[in-house]
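# Close look at the chain arrangement
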Amino acid sequence: MTSLGITVKLVEYTKDAPKIIAAASKMSVSRKTSTDLLNISNEEVDLWIKETLKRGHLSPWEHSSYTFIVEGCSRVCSHQLVRHRIASYTQQSMRYTEASLRDIAVKAGRLIGLECPTKPKGGLAREAYQCYAKSLETAANSLSLDKVAELANQAYVIPPSILVNSSKLDMFARSLLYVTSRYYQALYLGTLKEDARFIIPMAVRTKVTFTMNGRELIQSFLPLRMCSHAQWEIRHVAWLTWQELIKVHPQLFKYAGPSCVLLNNSQLEEPMPLESYLNGTVSFIIPRCPELISRDKIPSCLLFASRSLRGSPLEMSSASPGEDETRGTGQA
């Protein structure tokens, strides 16, 4: 089965973030010097991290920073990502690059016996664009579904609900190849690349580097986007982001999760790790989550959301528990 092809990599972060967050939190109620505050045991770090969560005192988390590179997500997903305002972003340009479109054009040509230039050069650029257009249109009309889907999925994100349905996939994948051929036909006719890109579907894969501080991650991005009611692709990115954070700072981000976990942890005497909620050793005491899911349905809703970590199109193609009754809550 064709995969989602989306990756998230943590490339830089504040190495001593747990200690810095704990020391900053302690400083707000202490007369000790900075040297004494930073001379803190691992057990005391845990204590003060929990205190920030219990009291909702999350400003100390802003002293930590995390930089990620997301590759292979669609522009549908990146448009949602950049709505998180306390962050910095750099994205692959479709004005100066063709992303993976040229790669699938060249590959399509080889599959139908047409050798197109791997790079449009100088005075021969228009001929190369014409070759790309012909290759993609012919491939869309003549190749098997498996080949068409493989080509389309290299340059575009195909939703799980379409990946698991052959008739939908056939229409979707062939349409993506055809519209990409029109993009290259526009370039052949002399259209500026910055204007020709208006044809390209939002499903096109992109790359984004983003940086967020710890507070934005644990209080905004992860609670909103790890939730089962977030759109499936940004939810997948959020769970992959959480997985990267857990690798380096489990002391901090083991408590992170969808908004139901954040809210429930604020009501407990001690915040509990996400894993404890997933395996059922911790119960929810809130009457409903911010998405209005009742207490008895929250555990199954959370388990559904966690499937995003595996990224299986088959698992991600079905509706979540209680989803129909709360659609349209703003997490586009």
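For the structure, see preceding data.
Quick caveat: nothing in here was measured; it's all calculated off a predicted structure. (Residues numbered from 1 in each chain as written. Predicted model: local features only at pLDDT ≥ 70, side-chain atom pairs only at ≥ 80, totals over all residues. Heavy atoms only, no water.)

## Observations regarding the packing of aromatic side chains
Short version of the rule: Here a Phe, Tyr or Trp ring, Trp counted by its six-membered ring, pairs with any other such ring whose centre lies within 6.5 Å, and the pair is stacked when the planes are under 30 degrees apart, edge-to-face when over 60, and tilted otherwise. Only DSSP runs of H or I with at least four residues qualify as helices, and only runs of E with at least two residues qualify as strands; both kinds are numbered from the N terminus onward. Type-normalised accessible area, obtained with a 1.4 Å probe on protein chains alone, sets the label of each residue: buried when under 20%, exposed when over 50%, and partly exposed for intermediate values.
This structure, assessed with the given rule, holds 12 aromatic pairs. The interplanar angle of 85 degrees and the centroid separation of 5.4 Å between the aromatic rings of Y66 and F253 together place this pair among those described as edge-to-face. Note that Y66 is positioned in strand β2 (residues 65-74) and F253 in helix α13 (residues 250-253), a separation of 187 residues in sequence. The class of Y66 is buried, set by a relative accessible area of 0%. We classify F253 as buried; its relative accessible area is 0%. Arranged with centres 5.8 Å apart and planes meeting at 75 degrees, the rings of W239 and W242 form a pair that is edge-to-face. Of the two residues, W239 and W242 are both situated in helix α12 (residues 232-248); the distance of three residues between them amounts to about one turn of the helix.

## Remarks on the state of the cysteines
Operational definition: In this description, a disulfide is simply a cysteine sulfur pair whose atoms lie within 2.5 Å.
By the definition in use, this model includes one disulfide. For C116, the disulfide goes to C131, at an S-S distance of 2.0 Å. Because the sign of the S-S torsion sets the handedness, a value of about -85 degrees for the bond joining C116 and C131 places this disulfide among the left-handed ones. Note that C116 is positioned in the loop between α5 (101-111) and α6 (125-142) and C131 in helix α6, a separation of 15 residues in sequence. Here C260 is not cross-linked by a disulfide; its sulfur's nearest cysteine counterpart is in C289, at 6.1 Å. What makes C260 buried here is its relative accessible area of 8%. With no disulfide of its own, C289 lies closest to C227 among cysteine sulfurs, the gap being 6.1 Å. Assessed through its relative accessible area of 8%, C289 is described here as buried.

## Things to note about unusual backbone geometry
With the exception of glycine, the majority of residues adopt a negative phi angle, and the majority of peptide bonds are in the trans configuration. Unusually for a residue other than glycine, A99 sits at a positive phi of about 50 degrees. A99 sits in the partly exposed class, given a relative accessible area of 24%. Backbone geometry at L292 places phi at a positive 70 degrees, although glycine is not the residue there. Note on placement: L292 falls in the loop between α15 (274-278) and α16 (298-306). For L292, a relative accessible area of 57% corresponds to the exposed category.

## Let's talk about the pattern of salt bridges
For clarity, the cut-off: A carboxyl oxygen of Asp or Glu within 4 Å of a side-chain nitrogen of Lys or Arg is what we treat as a salt bridge.
If you walk through the whole model with that rule in mind, you get 16 salt bridges. In this structure, K26 engages E44 in a salt bridge whose closest nitrogen and oxygen atoms are separated by 2.6 Å. You can see K26 sitting in helix α1 (residues 17-27) and its partner E44 sitting in helix α3 (residues 42-55), a full 18 residues away along the chain. Salt bridges sharing common partners tie together K50, E51, K54, R55 and E270.

## Some remarks on the pairing of strand β4 (residues 205-213)
Formally: Strands were regarded as paired on the criterion that DSSP finds at least two bridges between them.
Across nine bridges, the pairing between β2 and β4 is antiparallel. Each bridged residue has a counterpart across the sheet, and for E71 the counterpart in β4 is K207. By the bridge criterion, five bridges tie strand β3 (residues 87-91) to β4 in an arrangement that is antiparallel. In the sheet register, Y89 faces β4, and the bridge partner there is F210.

## Observations concerning the sheet that holds β3
The following threshold applies: Every axis corresponds to a line fitted to the C-alpha atoms, with the helix fit spanning only the stretch in contact, and the corresponding angles, defined between N-to-C directions, vary from 0 to 180 degrees. Only heavy atoms matter for contacts: two residues are in contact if any of them lie within 4.5 Å across the pair.
Pairing is antiparallel in the open sheet, where four strands are placed in the order β1-β2-β4-β3. The open sheet is flanked by β1 (7-13) and β3, the only strands paired with a single partner. Shown here is a sheet whose adjacent strand axes are inclined to one another by a mean of 20 degrees, direction ignored. Pairing analysis gives six bridges linking β1 to β2, with the strands arranged antiparallel. Within β2, the position partnered with T7 by the bridge is E71. In this fold helix α11 (residues 214-225) packs onto β2 and β4, with an angle of close to 110 degrees to the strand it touches most, β4. With respect to the sheet, α12 is in contact with β1, β2 and β4, its orientation differing from that of β1 by roughly 40 degrees.

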